[in-house]
Amino acid sequence: MEGFKVELIHDATADEGSWVSMTVDPQGRLIISPQDGKQPMLRITLDASGHVANVEKLDVKIRGAMGLLYAFDSLYVNGVGPQGYHLYRLSDTDKKGTYGAPELLRKWNGDKGGNGEHGAHGIVLGPDKKLYIVCGNFVDVPDDISPKSPHKNYADDQILPRMEDGNGFGAGRKPPGGYVVRMDPDGKNAELFSSGERNTYDIAFNPDGELFGFDSDMEWDWGSPWYRPTRAYQIVSGGDHGFREGSAKWPTHYEDSLPSVADIGIGSPTGVIFPTKAKFPARYRNAFWMMDWSYGRIVAVHLQPNGSGYKGTFDTILRGKPLNVTDMEVGPDGAVYFATGGRGTQSGLYRVSYVGNSGISDDLASSKTAGAQRETRHAIERFHGHSTATTTDIEKKIWPALNWPDRFMRYAARVALESQPVASWKEKALAEKKPQAALTALLALARVGATSDQPDLFNALSKFPTASLPEEQQLLKLRVIEVSIARHGRPSEDVVRRGIEKLSPLYPAKSWPLNRELSQILIYLDAPGVVPKTLDLVAKAETQEEQLHYIVALRKITNGWSLDDRKRYLSWFKKSGPGQDAGPTYPAGGNYFINASAKHPADLTQWFDDVGLKVGNGASYKNFITKLKLAVIEQLTPAERAQLAPLLVEKPPADLSAALANRKLVQEWTMNDFAADLDKPSRGRDFARAREMFALAQCIQCHNLGGEGGAIGPDLTGAGAKYSRRDLLESIIEPSKVLSDQYQNIQVTTKDDEDIVGRLVDEDNRKIGIVPNLLTGDRVEIKKSSIKDRRLSKLSPMPEGLVSILTRDEILDLVAYLEAGGRKEHAAFQAARD
């Protein structure tokens, strides 16, 4: 960004680790933690010019921190301490940075405890002098969470069963997903403040005292209708942002959730700040700075009041490739300091200062009107989790806000209403005549009312004919129906009949959001004619995402199918699923692209363009489609299978055995063999040979790159933006050196001294299930009573020596291919300069 200066002020040495979190102590020193726990935390002293004067290793018994905060004369750490990865407090015994023994404040539980890339992360101090901590979607809500928490009553709230991720990521996990917990400085009195995030790494308060985060997408969902981009979002009391696992993620229009402030696109969110103390122009001091690890950028979201909330636009402060940004803080000199690192990559400390011509002002953005609206919302939020509202409070404070045009205000009022005894407001909700207030109140009743309230709720809904409402309220009414069914079961047959009678003439509607909700409700109700109507929408839909929604929604309905309908349905898989030849693949005859010719929403295409990639499907798409089709086939009768046989045959993947059989051992390569070659992938590489090596090294079986390949291992499409050339080469030659916990195997030793290594896929009180070979998918079941030892494997699922059959130039071509993201137009495949 023009006017800003960026300088590298410290390059981490090998013994200083790969950095992922940072905070500032009262002396203005930066405290930085490496990720893997092998190296200690560091304390960096800056001189008057903002350069490094001293680097020291902290002698504390906590490592691998992914959340740091200095407050109350203590260093708070989410890290690996004596009792595991939990929240600890290190008291500053002399107020100069001499820390005492770790004090365990709170344990985190979940798939990996609080540890891991989807674990317990950022810690911030709120205006109320309480700690706010953000946790990823693999951390369980604490057992001792306060019953007076602002946020509760969460569920999937889907009337059609969700499908899990195609690769099983997050399968079986129930809401609330990622969440923010609020607690006292001693870790006690924990309250669930908000949820419905996926994996926010860091959070920050703005000058108005409002909390914000930068939530991750699920890149494996690219190409699906439930894909949610990375987003800046406001975190309010009782907030739910709609993240659910698998296909159950909520669209933005669900009013029992809250919208984003700004959608950023694809990426991997890390550190965030409001640099209000920086010596920058007001536009950037007031902005929400967010880091994207995957695509090496720091963006600034410029917030504008929008009712009692905010809306925002963003621009890019800086970008690099690779620039694996992880965390940032404002230093004592008014510059922003940021770190790079993560997953074993090279770390550095950078300084961002402003050297432009615009004036540096102390003014912070403010608006009296917006401030008054926020205060009104805060007054309503005081009832969240507390059943203390009087009849006057409900009528004078809560109820009027149910009809406000501001969605954040309506949301706060609904949560306040849900916190009160249902008997104190149910009759008022059923009698309300204003559509917006009535539908919002009825949504509350659907969420917290009893099953016996359902008939009265549907009768109240009938006062507001769907077709007479504006689209926003039509969607809200349909959402009330869905939540009531999800929570209280199938209505009476009379209600079902009336529902079909009223809603069927509206389907199909003119908008995709309305068709989304109408299709689900009418399919659930088994409405006559819903199958051919929905198949007509598949044919008319312009994007793959909309098509896939209807295909998934139809998978469970068993009535109303003609043979021609079945053919239309299964033909979609031939056009859009595995087997569609959408581009050249290697080796000859192979087929790895999926639906590459389908249209995607303009926003998705733009998000890919923003980071220099071609739009495509995520790593879960192929397996998801395969599982979806198998689930549908299982419902067919033998006669239908015989009649539909030509549509059920899949083209097998290419057999690499012949090509591999002609290959001989070249050399067992090491990193030292390439010490003088790291500049060679820059220009003049052979693209055709590079693609062939991606297949012959068997990368293609496990990894997706640009829409081509398998989905067992990490998606490599953006690897060149995340990792340096050395990192890429090292991951090929020494795959076990750095392991992501998302792909780590476990090693089980039985009492018979049998060792079994593989991916943990399921577990209950009696047994565990392991898949030793992800390519075959064969599952091994082990009784827990027969296990002697169980640990994380230190070996990568990727075997060593896969490139021993490749020559030096072929390996360099492969590195260039990974760095280029599989793009032929990349500079590495252009002619070498003289």
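Residues numbered from 1 in each chain as written. Predicted model: local features only at pLDDT ≥ 70, side-chain atom pairs only at ≥ 80, totals over all residues. Heavy atoms only, no water.

K.L.:
Honestly, the pairing of strand β13 (residues 178–183) in this entry has me stumped. Any pointers?
P.N.:
Two faces belong to every sheet, and in a regular strand the side chains alternate between them. Most of β13 sits inside the fold, with 6 of its 6 residues counted as buried. Burial along β13 is two-sided: the face carrying Gly178, Val180 and Arg182 and the face carrying Tyr179, Val181 and Met183 are both buried. Examined bridge by bridge, strand β12 (residues 131–135) and β13 share 5 bridges and lie antiparallel to one another. By the bridge assignment, Ile133 is partnered in β13 with Val181. Of the pairings in the sheet, the one linking β13 to strand β14 (residues 191–197) comprises 5 bridges and is antiparallel in character. Looking at the pairing, Gly178 lines up with Glu197 of β14. (Buried < 20%, exposed > 50% of the residue type's maximum accessible area, 1.4 Å probe, protein only. Helix = DSSP H or I, 4+ residues; strand = E, 2+ residues; numbered from the N terminus. Pairing = 2+ DSSP bridges.)

K.L.:
What exactly am I supposed to notice about the pattern of salt bridges here?
P.N.:
Opposite charge on two side chains lets them pair, provided their charged atoms get close. Overall, the coordinates contain 48 salt bridges when judged by the stated rule. Glu191 serves as the salt-bridge partner of Arg182, at 2.9 Å between the closest nitrogen and oxygen. Measuring nitrogen to oxygen at the nearest pair gives 3.0 Å for the salt bridge that ties Asp256 to Arg479. One end of the pair, Asp256, is in the loop between β18 (239–240) and β19 (262–265); the other, Arg479, is in helix α8 (residues 471–488), with 223 residues separating them in the sequence. When its relative accessible area of 2% is taken as the criterion, Arg479 is described as buried. (Salt bridge = Lys/Arg side-chain N within 4 Å of Asp/Glu carboxyl O.)

K.L.:
When you look at helix α2 (residues 368–381) in this model, what are you seeing that I'm missing?
P.N.:
The α-helix winds at 3.6 residues per turn, so residues separated by three or four positions along the chain end up facing the same way. Its 14 residues place the ends of α2 20 Å apart at the C-alpha level, agreeing with the 20 Å of an ideal helix rising 1.5 Å per residue. The complete set of buried residues in α2 reads Ala370, Gly371, Arg374, Arg377, Ile380 and Glu381. Its buried side turned inward, α2 meets β17 (230–235), β22 (297–306), β23 (309–319), α3 (391–398) and α4 (407–418). (Expected span 1.5 Å × (residues − 1). Contact = heavy atoms within 4.5 Å.)

K.L.:
Where do I start with the sheet that holds strand β6 (residues 63–71) in this structure?
P.N.:
Taking strand neighbours across the sheet as the criterion, the 4 strands line up as β6-β7-β8-β9 in an open arrangement whose pairing is antiparallel. Looking along the sheet, the strands with just one partner apiece sit at the ends: β6 and β9 (103–107). In this sheet, neighbouring strand axes are inclined to one another by 25 degrees on average, regardless of whether the strands run parallel or antiparallel. Bridge count for β6 against strand β7 (residues 74–81) is 6 bridges, and the pairing is antiparallel. Looking at β7, one finds that Leu69 is bridged to Tyr76. (Axes fitted to C-alpha atoms, helices over the stretch in contact; angles between N-to-C directions.)

K.L.:
Can you walk me through the sheet that holds strand β15 (residues 203–205) in this structure?
P.N.:
Through backbone hydrogen bonds, the strands of a sheet pair up, either in parallel or in antiparallel fashion. Here we have 4 strands laid out as an open sheet, ordered β15-β16-β17-β19, and antiparallel in their pairing. Only two strands of the sheet have a single neighbouring strand rather than two, namely β15 and β19. The average undirected angle you get between the axes of adjacent strands in this sheet is 25 degrees.

K.L.:
Teacher, can you tell me more about unusual backbone geometry here?
P.N.:
Only a minority of non-glycine residues have a phi that is not negative, and only a minority of peptide bonds are not trans. Lys321 connects to Pro322 through a cis peptide bond whose omega is -10 degrees. On the secondary structure map, Pro322 appears in the loop between β23 and β24 (325–330). Of note, the bond from Tyr507 into Pro508 is cis; its omega dihedral lies within 30 degrees of zero at 5 degrees. Topologically, Pro508 is positioned in the loop between α9 (493–503) and α10 (512–524). Phi is positive for Asn189, close to 55 degrees, though the residue is something other than glycine. Tracing the backbone shows Asn189 in the loop between β13 and β14. The residue Asp526 is not glycine, and still its phi comes out positive at about 60 degrees. Relative to the helices and strands, Asp526 resides in the loop between α10 and α11 (530–540).

K.L.:
Is there a simple way to explain helix α15 (residues 621–634) in this structure?
P.N.:
With 14 residues, α15 extends 20 Å between its outermost C-alpha atoms, agreeing within 8% with the 20 Å of an ideal straight helix rising 1.5 Å per residue. All of the buried residues along α15 are Tyr621, Phe624, Ile625, Leu628, Lys629, Val632 and Ile633. End-on view of α15: buried residues confined to an arc of 165 degrees, all on one side of the axis. (Arc of directions from axis to C-beta.)

K.L.:
Which parts of the structure should I look at to understand the side chain of Ser194?
P.N.:
Along the chain, Ser194 turns up in strand β14. Residue Ser194 is classed as buried on the basis of its relative accessible area of 0%. Among residues more than four places away in sequence, those in contact with Ser194 are His151, Tyr179, Val180, Ile235, Val236 and Gly239.

K.L.:
Could you clarify how one ought to interpret the nonpolar core in this entry?
P.N.:
Buried together is how nonpolar side chains tend to be arranged in soluble globular proteins. Membership of the largest hydrophobic core comes to 79 residues, with the highest contact counts inside it found for Leu417, Leu548, Tyr569 and Leu628. Among the elements that line this core, the one with the most residues is helix α6 (residues 435–448), at 9 residues. In this view, Leu548 contacts Gly223, Ser224, Pro225, Trp226, Trp572, Tyr621, Phe624, Ile625 and Leu628; residues no more than four positions away in its chain are not counted. Counting residues in hydrophobic clusters, the runner-up holds 34 residues, among them Phe687, Ala695, Ile732 and Ala828. (Core = buried A, V, L, I, M, F, W, Y, C linked by side-chain atoms within 4.5 Å.)

K.L.:
Hey, could you run me through the environment of Gly309 in this one?
P.N.:
As for its placement among the helices and strands, Gly309 is situated in strand β23. The sequence separation of Gly309 and Lys188 amounts to 121 residues, and the corresponding C-alpha distance is 29 Å. With sequence-adjacent residues up to four places away left out, Gly309 is seen in contact with Gln234, Gln304, Asp406 and Phe408.

K.L.:
Explain the packing of α2 against α4 to me, please; I cannot follow it from the model alone.
P.N.:
Two quantities define a packed helix pair, namely the angle between the helix axes and the distance between the axes. Viewed as axis vectors pointing N to C, α2 and α4 meet at an angle of 15 degrees, and their least axial separation amounts to 9 Å. With respect to α4, the axis of α2 lies roughly parallel. For the pair α2 and α4, the sense of crossing is left-handed. On the side of α2, the interface is formed by Gln373, Thr376, Arg377, Ile380 and Glu381, while α4 contributes Phe408, Met409, Ala412, Ala413 and Ala416. Its residues assigned to classes, the contact of α2 with α4 comprises 6 nonpolar, 2 polar and 2 charged. (Parallel < 35°, antiparallel > 145°, perpendicular 65-115°, else oblique. Left-handed = near helix turned anticlockwise from the far one by under 90°. Nonpolar A, V, L, I, M, F, W, Y, C, P; charged D, E, K, R; others polar.)

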